[in-house]
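Tertiary structure, described
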Amino acid sequence: MRNRPLLRTSYNQELALLDTTSKKVAVGILLAVGAALPWLVEDQLLQLIGLACVTAIGAIGLNIVTGYAGQVSLGHAFFLAIGAYTAAAIAGDPDARTVGFGVTEILIWLPAAGIVAALAGVLVAPLATRLRGLYLAIVTLGLVFIGGHIINEWSSLTGGPGIGRQPPAPTLLGYDLNTGDAFLTRDQKLYLLMLVLLIIAALAARNLARSRVGRAFTAIRDRDIAAGVMGVNLARYKTIAFGVSSFYAGCAGALLYVGIGYFDPTTFNLLLSVQYIAMVLIGGAGTVSGAVLGAFLITLLPRLIREVPSFLPFISNSPAESPNAYQLETVLYGVLIIVFLIFEPRGLFGIWIRLRNYWKAWPFSY
């Protein structure tokens, strides 16, 4: 195949993780840039990029159940909350006013947060076998309100509205990641941790999509009745989709506020679920790369909007004045979802595919 290097002659070549040299080079460059960022940008911006990495983990989880399996879920904030409070309780100070067991080892509280959230997802999954589309979306939306009521009332665990509690303080095999030292600052340590976890989560999701389970998800998404006729066990694979998605959400929730150092029950609301839906739709449903792109865009968007008043003086940075940057941010979420659904349903990943195909065919137009 010397003269046709991109011609695939086996399923192994078709399903390869990095099937072209250009993809291998691009991934290598991205990894090199990501590893060098702690010494290239200031800690404040590094903290925001680390938050984007964690958000991307949660977006990948939602993309598994919505993008790959086609099960619309508006309850992602519920599973994020389960992961956040499970981790906070396990790693929390036993002598504090909130529940805590003092186990700060990240290899313990991070998997535990994902497992507890996955169990909750498995309990919700039977609804997915009986409902679909808008009906399933409304049911999962109800989880946000149920979860919001529980965490607002369970003050011994959550600290209560307006008070909150501290997130887990991570240590890795005895090495404290929550404080700086002579080699790395706190934000540099946390960013590198988040980057490594994002890479692991993305690789796991990509390999899941290439597996038999991933192909079953795709069949259910495209047409669940036809998938059932072909022998795909709908109940089993929908349960797996919700379980895996909830595991990712639990892990993301456990890490989401580690960099900030504080979180409140009111943060796990409908807006948080809408933001994750926006990440999947804007980035590109059914692709891991799209979920990561959407998560980074939505996470960095508030920082970009804060700079708008310097170019448009009639927009204020003060919440007391109107119009302000906070109102603009809320409006942009809806505008971006509408624009991408109408003009580019495949999201940012679809735009990249168009650009790539254009340059591959250039200078020919066919």
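Sequence positions are assigned chain by chain, starting from 1 and proceeding in written order. Per-residue local features of the predicted model are confined to residues with pLDDT of at least 70, and side-chain atom pairs are confined, for both listing and counting, to 80 or more; whole-chain, interface and lining totals are unaffected and use all residues. To get the side-chain values, all heavy atoms of the structure are used, and hydrogens and water are removed first.

1. Describing the side chain of Thr-140
Selection criterion: Under the scheme used here, helices are H or I runs from DSSP no shorter than 4 residues and strands are E runs no shorter than 2 residues, and both carry numbers assigned from the N terminus. In the analysis that follows, any N or O atom pair within 3.5 Å is treated as a polar contact, provided that within protein one partner can donate a hydrogen and the other can accept it, and provided that, for residues neighboring in sequence, both atoms belong to side chains. Whether two residues are in contact is decided by their heavy atoms: any pair within 4.5 Å suffices.
With respect to the helices and strands, the residue Thr-140 is situated in helix α6 (residues 134-153). One polar contact links the side chain of Thr-140 to the main-chain amide nitrogen of Leu-74, over a distance of 2.9 Å. Residues within four places of Thr-140 in sequence aside, it is in contact with Val-72, Ser-73, Leu-74 and Gly-75.

2. What to know about the side chain of Asp-264
In plain terms, the rule: Here the term buried applies to any residue with accessible area under 20% of the maximum for its type, exposed to any over 50%, and partly exposed to those in between, with areas from a 1.4 Å probe on protein chains only. Counted as positive: Lys and Arg. Counted as negative: Asp and Glu. His and the chain ends are not counted at all. Basic side-chain nitrogens of Lys or Arg form a salt bridge, by our definition, when they fall within 4 Å of a carboxyl oxygen of Asp or Glu.
With respect to the secondary-structure elements, Asp-264 resides in the loop between α11 (234-256) and α12 (270-283). At 8.3 Å, Arg-97 is the nearest oppositely charged side chain to Asp-264, a buried residue that forms no salt bridge. Here Thr-266 takes part through its side chain, which lies 2.3 Å from a polar atom of the side chain of Asp-264. Those residues within four positions of Asp-264 in sequence are excluded, and the remaining contacts are Tyr-85, Gly-160, Pro-161, Gly-162, Ile-163 and Gly-164.

3. Examining the packing of helix α8 (residues 186-210) against α11
For any two helices packed against each other, one specifies the crossing angle of their axes together with the interaxial distance. As a reminder, the rule being used: Note on geometry: axes are lines fitted to C-alpha atoms, helical ones only across the stretch in contact, with angles between N-to-C directions running from 0 to 180 degrees. Any angle from 65 to 115 degrees is called roughly perpendicular, while one under 35 is roughly parallel, one over 145 is roughly antiparallel, and all others are oblique. Any residue outside Ala, Val, Leu, Ile, Met, Phe, Trp, Tyr, Cys, Pro, Asp, Glu, Lys and Arg is labelled polar, Gly included; the first ten of those are nonpolar and the last four are charged.
Relative to each other, α8 and α11 sit at 175°, their axes nearing to 12 Å. Relative to α11, the element α8 lies roughly antiparallel. Between α8 and α11, the residues in contact are Met-194, Leu-197, Ala-201, Ala-204, Ala-205 and Leu-208 and Val-244, Tyr-248 and Leu-255, respectively. Partitioning the contact of α8 with α11 into residue classes produces 9 nonpolar, no polar and no charged.

4. Thoughts on the nonpolar core
Note the following rule: Among buried residues, the Ala, Val, Leu, Ile, Met, Phe, Trp, Tyr and Cys ones that are joined through side-chain atoms within 4.5 Å form a nonpolar core.
Of all hydrophobic cores here, the largest spans 91 residues; its most connected members are Ile-60, Phe-79, Trp-109, Leu-110, Leu-255, Phe-268 and Tyr-276. In this view, Phe-79 contacts Ala-117, Ala-120, Gly-121, Val-124, Leu-143, Ser-246, Ala-249 and Gly-250; residues no more than four positions away in its chain are not counted.

5. Observations regarding the pattern of salt bridges
Between side chains of opposite charge, pairing is possible as soon as their charged atoms come close. Under the criterion given, the structure shown has 3 salt bridges. Between Asp-187 and Arg-186 there is a salt bridge, with its nearest N and O atoms 3.7 Å apart.

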